[in-house]
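Residues per chain, in single letters:
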Amino acid sequence: MRALTSYERPVLASVGTGRRRPAMGVLLVYPVLLIVLSVFTMVVPQREGLLAVAQIFEPHLFLPLLVLIPFAFMRGMPGLRVALLLCLVLFGARFMPNFLAATHPLAPDATSVSVLTWNVYAGNDRYADVAGMLAERPADVVLLQEADYKRFEGNDAVSSAYPYRLTEPDDAPPGMVLLSVYPFLSHGILDGERDLWDIPRLLWARLDLGDGRTVTVVGAHPISAYSVGSACSLPVCYEPAWRDEQITAMRDSYISPMLASGDPIILAGDFNVTEREPAYTDLARGLTDAWRAVGSGVGTTWRPTFMMNQHLSLLRIDYLFSSPQITPVGITVDCTPRASDHCIVIGRFEAR
């Protein structure tokens, strides 16, 4: 074997470096595009189009970066290391879960109210399990979406657990149910023109908590922004305009006036909107998001139907909000498979 002469070594080194440069350029494409996307959607949140869809699933777009980590440790890849470090900083700043739940001990003179919200799923075939869960009274107030209450109507255990009920066809919008251990002082449905409300999508009940305290619990279920069918040129289309109009109407017609009057409110439901969309900002204005206040972990609540048998979820679209007079003191997400594409969200609140 012949030893390399001094003048041969730099030539070979430069050849090796030259070979790495195209490879580094290819490997840099994805992280650089992700950095641009993340910064752009943070500065200019998108309401519609392909960028809005990318914005919704943005936290999951960081996962492919794991494949690039081994290449970052190779010689001649400083640009890739810098790009991955920037991606890590962006992810940490924007999407890092909080694994330390805030603690808010209940005040001695306060009344504790627990509220459960769950989209049962219109195709759920396990209503015996649903009825069994409700019979255990998992919360003081239960709000269901896409539920067929006739499937467990007359169930003595459920009726005993929740003596006060709003169900369709008279007292609640289609698929929506409100169950309570507290008596109703008043209740109603937000309805309007059919060009906006394909069906009524908001119900409310003012509850008597005792000791002169009341709270208005509001359940909502704006239309999904995703559509499938002949009107959609792609397998799945994202069209949020109708949903956003319904959220705006809910705010303008009911929620904002209630906030202005100073009445205590708990707003719950499947809102079909992620916290990265402008419609979430419209919805949450003046309210406290219980998960952001006292939750821990990722808090995601929805999964595709092919994942319904998994204890996993991808997006957070089910929420519990409260007005300034109501303080969230705890919240949990239960993703136990129950033949639904949504997880159960249970929050506990302090009412004074």
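To be clear, the structure that these remarks concern was listed above.
This report concerns the structure included in the present document. (Residues numbered from 1 in each chain as written. Predicted model: local features only at pLDDT ≥ 70, side-chain atom pairs only at ≥ 80, totals over all residues. Heavy atoms only, no water.)

### Describing helix α8 (residues 241–261)
Inclusion rule: The secondary structure listing takes helices from DSSP runs of H or I that are at least 4 residues long and strands from runs of E that are at least 2 residues long, numbered from the N terminus. A helix's residues, less one, multiplied by 1.5 Å, set its expected span. To obtain the bend at a residue, axes are fitted to the seven residues ending there and to the seven starting there, and the angle between these axes is taken. Between buried and exposed lies partly exposed: a residue is buried under 20% and exposed over 50% of the maximum accessible area for its type, with that area taken using a 1.4 Å probe on protein chains only. Note on contacts: a residue pair is in contact if any heavy atoms of the two residues lie within 4.5 Å.
Its 21 residues place the ends of α8 29 Å apart at the C-alpha level, agreeing with the 30 Å of an ideal helix rising 1.5 Å per residue. Of all the bends in α8, the largest measures some 45° and sits at R251. Every buried residue of α8 is listed here: R243, D244, Q246, I247, A249, M250, R251, Y254, I255 and M258. In this structure, the buried side of α8 is in contact with β5 (184–190), β6 (202–210), β7 (213–220), β9 (237–238), β10 (265–270) and α9 (278–284). Taken from the residues just after α8, G262 is the one with a positive phi, measuring 85°.

### Some remarks on the pairing of strand β14 (residues 344–351)
Stated precisely, the cut-off is as follows: At least two DSSP bridges between two strands are needed for those strands to be called paired.
Burial runs high along β14: six of the eight residues are buried. Both strand β1 (residues 111–119) and β14 contribute to a ladder of seven bridges, which runs antiparallel. If you follow V115 over to β14, its bridge partner there is G347. Relative to β14, strand β13 (residues 326–334) is paired through eight bridges, and the arrangement is antiparallel. Each residue of the ladder has a partner; that of G330, found in β14, is R348.

### Re the sheet that holds β10
Within the open sheet, the six strands sit side by side as β5-β6-β7-β10-β12-β11. Their pairing is mixed. Two strands bound the open sheet, and with one partner strand each, they are β5 and β11 (288–289). In this structure, β11 lies alongside strand β12 (residues 318–322), joined through two bridges in antiparallel fashion. When the bridges of β12 are listed, D289 appears paired with F321.

### Section: the pattern of salt bridges
Rules: We define a salt bridge as a side-chain nitrogen of Lys or Arg found within 4 Å of a carboxyl oxygen belonging to Asp or Glu.
Per the counting criterion, the structure on display carries 14 salt bridges. The closest approach of N and O atoms between R47 and D282, which form a salt bridge, is 2.8 Å. Taken together, the residues span a long stretch of sequence, with R47 in the loop between α1 (9–43) and α2 (50–56) and D282 in helix α9 at a distance of 235 residues. Through salt bridges that share partners, R47, R243, D244, E277 and D282 make up one connected network.

### Topic: the state of the cysteines
Quick note on the threshold: Disulfides are defined as cysteine sulfur pairs within 2.5 Å.
Taken as a whole and assessed by the stated rule, the structure comprises one disulfide. Covalently, C335 is tied to C343 through a disulfide, its sulfur atoms 2.1 Å apart. The chirality of the disulfide connecting C335 with C343 is right-handed, given an S-S dihedral of about 100°. Each member of the pair C335 and C343 is classed as buried.

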